[in-house]
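# An overview of the molecular structure
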Amino acid sequence: MYAYVGSRTTRERHARGEGISVYRFDARDASLELAQVVGDLVNPSYLAVNSRRDRLYTVHGDRSDISAFAIDRGTGRLSLLNTQSTQGRNPVHLALDPQERYVVVSNHIGASLAVLPIAGDGSLLPLSQLEPLEGEPGPHRVEQKHAKPHFNPFDPSGRYVIVPDKGLDRIFSFRFDEGRLLPASSVDSRETAGPRHLAFHPGLSMAYCVNELDSTVTTYRFDPETGALQPLQILSALPQTYTGNSRASGIIVDAQGRFVYASNRGYDSVAVFRVRPEDGCLEFLGAEPSLGKTPRFITLTPDGRHLYALNEDSDTIVAFAVDSDQGTLKATGRSVSCGSPVCMVFA
Ligand SMILES: O=C1O[C@H](COP(=O)(O)O)[C@@H](O)[C@H](O)[C@H]1O
């Protein structure tokens, strides 16, 4: 199996990455061995792999582009297929629809969502829909001047696209019908929460949203018929006594739906929550140091036995062992150096 790591590359912004790093991944001990570096790429800051594991897509943060690559399934190596415009600045996330006929992109500074069809060979066709996001920005003077979509996952049925908007303190739900986004509903967050990423529970109709600006996690009941979200609970991802600055970033749920993990940038750590089986709400268990600076991205390995924290500002990918009963994280001592790592996927 291979792991693909996207890094920020813009030197003017002090990024130190080269592009996409391809690693041979050993599930037994979560070790990573570098196999290829695809350089000459601008900020491949979010990656997605198709279900056949032979195509990889990346957005180019700070620009307005998205690229498709072919994956050599024998060697894991990437070769560029093509690049298309997302018609909006700073695309930060992308998701393939379940039929893998379209890719949906969040244009973070462009304040819009882009839909691009995927051709039969996996390359990208020109954009077919640009959906602007509009509303009253939240009160944060620096971060909330306009809509800032930061994530656009499909719901488990593939009928809805859910979009946390960090600039508007709102989460939008869109129907995805015949390759088009159709506004369905929205739900407000607390002022200055800055909803950023959202993860669905694998069995319950629940979703968990990490709020970047106030470092909280909101538990929502998700209505699979209408796509609507109903807030049930808000918990901090930080210890109660922490008084420094911090911004939350990634959120993931384990495959059994027993634990939720969220990363904290500032209080550099991975918050661990237990999912209460009776109602899907969370209990904060604690926050494990990420052993590096600014863990923008976290991911579980496909077998769920390890979790990687990508410490963007200390250039490390750190492996933790996951306790399968308690959900807690234990340092393995394994870490690889990688400039400004910000996203990791497996194929
Ligand atoms: O300065 C920047 O910040 C934005 C937001 O960063 P993020 O880590 O919260 O996504 C980023 O998208 C942009 O590329 C970068 O230049």
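Residues numbered from 1 in each chain as written. Predicted model: local features only at pLDDT ≥ 70, side-chain atom pairs only at ≥ 80, totals over all residues. Heavy atoms only, no water.

## Description of the sheet that holds strand E12 (residues 160-165)
Sheet strands pair by backbone hydrogen bonding; their relative direction is either parallel or antiparallel. Filter applied, for reference: DSSP bridges decide pairing: two strands pair if at least two such bridges lie between them. Where helices and strands are cited, they refer to DSSP runs of H or I of at least four residues and of E of at least two residues respectively, numbered from the N terminus. Here an axis means a line fitted to C-alpha atoms, over the contact stretch when the element is a helix, while the angle between two N-to-C directions is reported on a 0 to 180 degree scale.
If you walk across this open sheet you meet the 3 strands as E12-E13-E14, and the pairing is antiparallel. Every other strand in the sheet has two partners, leaving E12 and strand E14 (180-188) as the edge strands with one partner each. Strand-to-strand twist in this sheet, taken as the mean axis angle between neighbours without regard to direction, amounts to 25°. Inspection of the sheet shows strand E13 (residues 170-177) paired to E14 by 8 bridges, in the antiparallel sense.

## Things to note about the site of the ligand
The condition is simple: What makes a residue near a molecule or strand is one non-hydrogen atom of that residue sitting within 4 Å of it. Any pair of nitrogen or oxygen atoms within 3.5 Å is treated as a polar contact; in protein, a donor-acceptor pairing is required on top of that, and neighbouring residues in sequence qualify only through side-chain atoms on both sides. Note on areas: these come from Shrake-Rupley sampling with a 1.4 Å probe, and a residue is covered only by the protein chains present in the view. Three categories are distinguished: nonpolar for Ala, Val, Leu, Ile, Met, Phe, Trp, Tyr, Cys and Pro, charged for Asp, Glu, Lys and Arg, and polar for the others, with Gly belonging to the last.
Around the ligand lies a shell formed by Arg8, Arg13, Asp62, Asn90, Val92, His108, His150, Lys166, Arg196, Glu212, Arg265 and Arg296. Here an oxygen atom of the ligand and a side-chain polar atom of Arg265 are 2.9 Å apart. Relative to its unbound accessible area of 380 Å², the ligand is 78% covered by the protein chains. Looking at the shell around the ligand residue by residue, the class counts come to 1 nonpolar, 3 polar and 8 charged.

## Some details on the pattern of salt bridges
Filter applied, for reference: A pairing counts as a salt bridge when a side-chain nitrogen of Lys or Arg comes within 4 Å of a carboxyl oxygen of Asp or Glu. Buried means the residue's accessible area, taken with a 1.4 Å probe over protein chains only, is under 20% of the maximum for its type, while exposed means over 50%, and partly exposed covers the values in between.
Tallying each qualifying case throughout the model produces 20 salt bridges. Salt-bridge contacts for Arg276 lead to Asp279; the nearest nitrogen and oxygen are separated by 2.6 Å. Look at Asp279 and you get partly exposed, because its relative accessible area is 28%. When the shortest N-O distance is used, the salt bridge between Arg305 and Asp303 registers 3.5 Å. When its relative accessible area of 43% is taken as the criterion, Arg305 is described as partly exposed.

## A closer look at the confidence of the model for the protein
Applied cut-off: Values of pLDDT, ranging from 0 to 100, describe the predictor's confidence in every residue of the model.
Across the protein, pLDDT averages 98, with 100% of residues at or above 70. If you check the scores for this complex, the pTM reads 0.98 and the ipTM reads 0.95.

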